[in-house]
Amino acid sequence: MCGIVGKLSFSEAVSRELVTAMAQKVHHRGPDAQGVHVQGQIGLGQARLAVIDLSPEGNPPLSNQDGTLWIVFNGEIYNFQELRASLPAGKYAFKTKTDTEVLLYLYEEHGAACLQMLRGMFALAIWDERQQVLFAARDRLGKKPFYWSKNGQGLVFGSEIKALLVDPAVSPQPDHAALDAYLRHQYVPSPATAFQNIQKLPPGHWLLCDRNGQLTTGCYWQPPLAQAGPERTAEEVEEELCQRLSECVRLRMISDVPVGAFLSGGIDSGLVVALMAQLSPKPIRTFSVGFRDEKFNELPFARMVAERYATDHQELILSPDVQELLPRLVEHYNEPFADSSAVPSFCVAQAARQHVTVALTGDGGDESFGGYSHYQQVLAWQRFDFIPLGMRRLLTLPFDRFLSLVPYQTSLARVRRGLRSIAGNLPQRYQLQMSILKPEERDFLYTPQFRRLVAQGSRPPLASPAWTPDMDSLAWMMRHDQGRYLPDCLNVKTDVASMANSLELRSPFLDHRLVEFAAGLPSHLKLRSGTGKWILRRLARRLLPEPLLTKPKTGFSIPLASWLRGPLKGQVEHYLLDAVAERRGLFRANSVRFIWEEHLQGRRDWSTRLWELLMMEAWFRRFID
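All values derive from a computational prediction rather than experimental measurement.

Asker: Which residues make up the nonpolar core, and what are the values?
Answerer: Core analysis: the biggest nonpolar cluster contains 163 residues, and Phe 587 and Trp 611 have the highest contact counts within it. It is helix 27 (residues 607–624) that provides the largest number of residues to this core, a total of ten residues. When sequence neighbours within four positions are dropped, the list of residues in contact with Trp 611 reads Tyr 182, Leu 326, Leu 329, Ala 338, Asp 339, Ser 340, Val 343, Leu 560, Leu 564 and Leu 568. Ranked by size, the runner-up nonpolar core spans 19 residues in total, among them Leu 44, Trp 70, Phe 157 and Leu 207.

Here it is, written out as structure tokens:
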């Protein structure tokens, strides 16, 4: 696991000092070694977190035998031993036991087609001296990041945006259209970033750029369409699921450094820990976080799993100095990011890193097995679908128009959203459900100036998956989450929180073969009688304590509402209510003050919206002002 950077110049030699400075910006991602390769118009840099083959021979960057290929690589290829054995015997003289060198020779043998062989998480860049091209790629589900920027002088890339900003040719200008998307979703959707001239390489994509600036990108994998397989009993599916998940866990336990696991009170991480315990000859190390507020504390449930499998268990009662942590989050996330569970993710990663270098997590189970409550909330609107779509729109339109003329009121805004859900189709209902700042709230908060700036934006997000009324609604929503919410929000959250603390996270549920297997299962094995992850819960009955199966789903949430009224109160007033924010001219000052007063007085919980505004303004002051 590492941080990577690089520059391909289109006209002049690359400066070694520039590449070294870029690599230093991602040092926390790889504190064990740092190396650069600069030759003519290409410069590559990498900071290494040594996990496989700890010898100095594995230090980056690595080259092939004749020095015509150079690679920088961030991630892990879990089937690298199998892939190494597949290469022609005696053709390649390996100098290391790393997965990085295997990847380099796979590219030499197969070119870009090697991506289809990889089972893992990765962001990589290979300079091909023979072809005079830079080849880069990102893993299928977007576990590892890849940012890039191209102008007339060259192409720069890196694991973090602030590494790109070291290059004087990359100017930190805000993209207001991307910021509008952030306020809708709590993250900036791919391929945009919050900066005008910086992009994300989307998950499952590759990039090719030659020394003259000719650049192309392409897609080699997308979240799979739901496809009906052969009829099987629930018992047969459960058994195959257990075998597949166990294999995914086994592959992710391969390491030359200590391995542990994040253990929440949920069934996904519980299953991972249970299978790790079955595969390990000694007790595994587990880490959990909780809060003094019992509504947010799942430590008792995590403790049940730890006791059942006799793990070496560590608990952290979270009462962080959030005032001190806020600027650290802004610094590490590089662009506005408002999933507040980044706070406990950051803290548990910090605690775990004191004991292990690698940790397994339960991330990814909800998207493949239908675990989110928002799936059921969207599906509930289908009870109106017995009325033809045109008639629904005709019946609700007069009320919607009338309410649009009424000054903003929370209760009436909810009525208007309900009318839109009745009149909408599945994608419209889904987008409305998943939006953080709802349409009426954006109307209430945005200034005319901000709306003009948003309208000038030019980079639309990736298109949603195609939808037709005959599609399975649950399958469409899960596929949407796998292509958008998972890589752009959840994986960003865990990647940044872990790598800021030099910790590698591995997610068995995000194995693409398991994702493809789950896509072939019928929806009634995922959501049944109001219960999500039905087939996973069936498996969990064999492996986990019963209370974990019956408790309500809570997610990795924090007492944000009370924190904003307490330790973060001064931060909100400093960032959102002062003259600097007002002069920025993006939000109506009276509207911001209104929602702040409502929150302070307990009339409405505005915490998610206030956190979005707070993180965005703090980002402006760190990266733009």
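There is more to say after this.
Asker: So what's going on with the pattern of salt bridges? Residues and values would help.
Answerer: The final tally for this structure, using the stated rule, is 42 salt bridges. The partner of Arg 29 in a salt bridge is Glu 160, and the shortest N-O contact between them spans 2.8 Å. With Arg 29 in the loop between helix 1 (16–24) and strand 2 (33–39) and Glu 160 in the loop between strand 9 (154–158) and helix 4 (161–164), this pair connects stretches of sequence that are 131 residues apart. Given a relative accessible area of 1%, Arg 29 falls into the buried group. Salt bridges sharing common partners tie together Arg 29, Lys 144, Glu 160, Lys 162 and Asp 495.

Asker: Go over helix 18 (residues 473–483), please, and point to the residues and values.
Answerer: Of all eleven residues in helix 18, eleven are buried; the element is thus mostly enclosed. Of the positions making up helix 18, those classed as buried are Ser 473, Leu 474, Ala 475, Trp 476, Met 477, Met 478, Arg 479, His 480, Asp 481, Gln 482 and Gly 483. If you follow the buried residues of helix 18, they end up packed against helix 11 (365–369), helix 12 (373–379), helix 15 (426–434), helix 19 (485–499) and helix 20 (512–519). With a side-chain oxygen positioned 3.1 Å from the backbone nitrogen of Leu 474, the residue opening helix 18 is Asp 472.

Asker: Outline the environment of Leu 560, supporting the account with residue identities and numerical values.
Answerer: Topologically, Leu 560 is positioned in helix 23 (residues 560–565). In contact with Leu 560, other than residues within four places in its own chain, are Ser 340, Ser 607, Thr 608 and Trp 611.

Asker: Break down the packing of helix 6 (residues 234–252) against helix 7 (residues 267–279) for me, with residues and values.
Answerer: One way to put it is that helix 6 packs onto helix 7 with a least axis distance of 9 Å and a crossing angle of 70°. Here helix 6 lies roughly perpendicular to helix 7, going by the angle between them. Contact with helix 6, carried on its side by Leu 245, Ser 246, Val 249 and Arg 250, involves Leu 271, Val 272, Leu 275, Met 276 and Leu 279 of helix 7 and no other residues of that element. For the contact of helix 6 with helix 7, the per-class residue count stands at seven nonpolar, one polar and one charged.

Asker: Pulling in residues and values, what's your account of the sheet that holds strand 15 (residues 312–317)?
Answerer: The sheet built from five strands is open, its strands ordered 15-14-13-16-17 with parallel pairing. The sheet is open, and its two borders are formed by strand 15 and strand 17 (504–506), each paired with just one other strand. Across this sheet, the average inter-strand angle for adjacent strands is 30°, counted without regard to direction. Relative to strand 14 (residues 285–290), strand 13 (residues 259–262) is paired through three bridges, and the arrangement is parallel. The residue bridging Ala 261 from the neighbouring strand is Thr 286, located in strand 14. The sheet contacts of helix 8 (residues 299–308) involve strand 14 and strand 15, and relative to strand 15 the element is tilted by about 170°. The sheet strands contacting helix 10 (residues 342–352) are strand 13, strand 14 and strand 15, and the helix crosses strand 14 at an angle near 145°.

Asker: So what's going on with the packing of aromatic side chains? Which residues, and what values?
Answerer: For the coordinates displayed, the defined rule picks out 20 aromatic pairs. Judged by centre distance (5.3 Å) and plane angle (75°), the rings of Phe 195 and Trp 619 are edge-to-face. Of this pair, Phe 195 sits in the loop between helix 5 (176–185) and strand 10 (199–200) while Trp 619 sits in helix 27, and the two are 424 residues apart along the sequence. Neither Phe 195 nor Trp 619 differs from the other in exposure class; each is buried. Taken together, a centroid distance of 4.6 Å and an interplanar angle of 50° make the contact between Tyr 446 and Phe 450 tilted. Residue classification places Tyr 446 among the buried positions, given a relative accessible area of 2%. Look at Phe 450 and you get buried, because its relative accessible area is 0%.

Conventions and cut-offs
Residues numbered from 1 in each chain as written. Predicted model: local features only at pLDDT ≥ 70, side-chain atom pairs only at ≥ 80, totals over all residues. Heavy atoms only, no water. Core = buried A, V, L, I, M, F, W, Y, C linked by side-chain atoms within 4.5 Å. Buried < 20%, exposed > 50% of the residue type's maximum accessible area, 1.4 Å probe, protein only. Helix = DSSP H or I, 4+ residues; strand = E, 2+ residues; numbered from the N terminus. Contact = heavy atoms within 4.5 Å. Salt bridge = Lys/Arg side-chain N within 4 Å of Asp/Glu carboxyl O. Polar contact = N/O pair within 3.5 Å; in protein donor to acceptor, adjacent residues only side chain to side chain. Axes fitted to C-alpha atoms, helices over the stretch in contact; angles between N-to-C directions. Parallel < 35°, antiparallel > 145°, perpendicular 65-115°, else oblique. Nonpolar A, V, L, I, M, F, W, Y, C, P; charged D, E, K, R; others polar. Pairing = 2+ DSSP bridges. Phe/Tyr/Trp six-rings, centres within 6.5 Å; stacked < 30°, edge-to-face > 60°.

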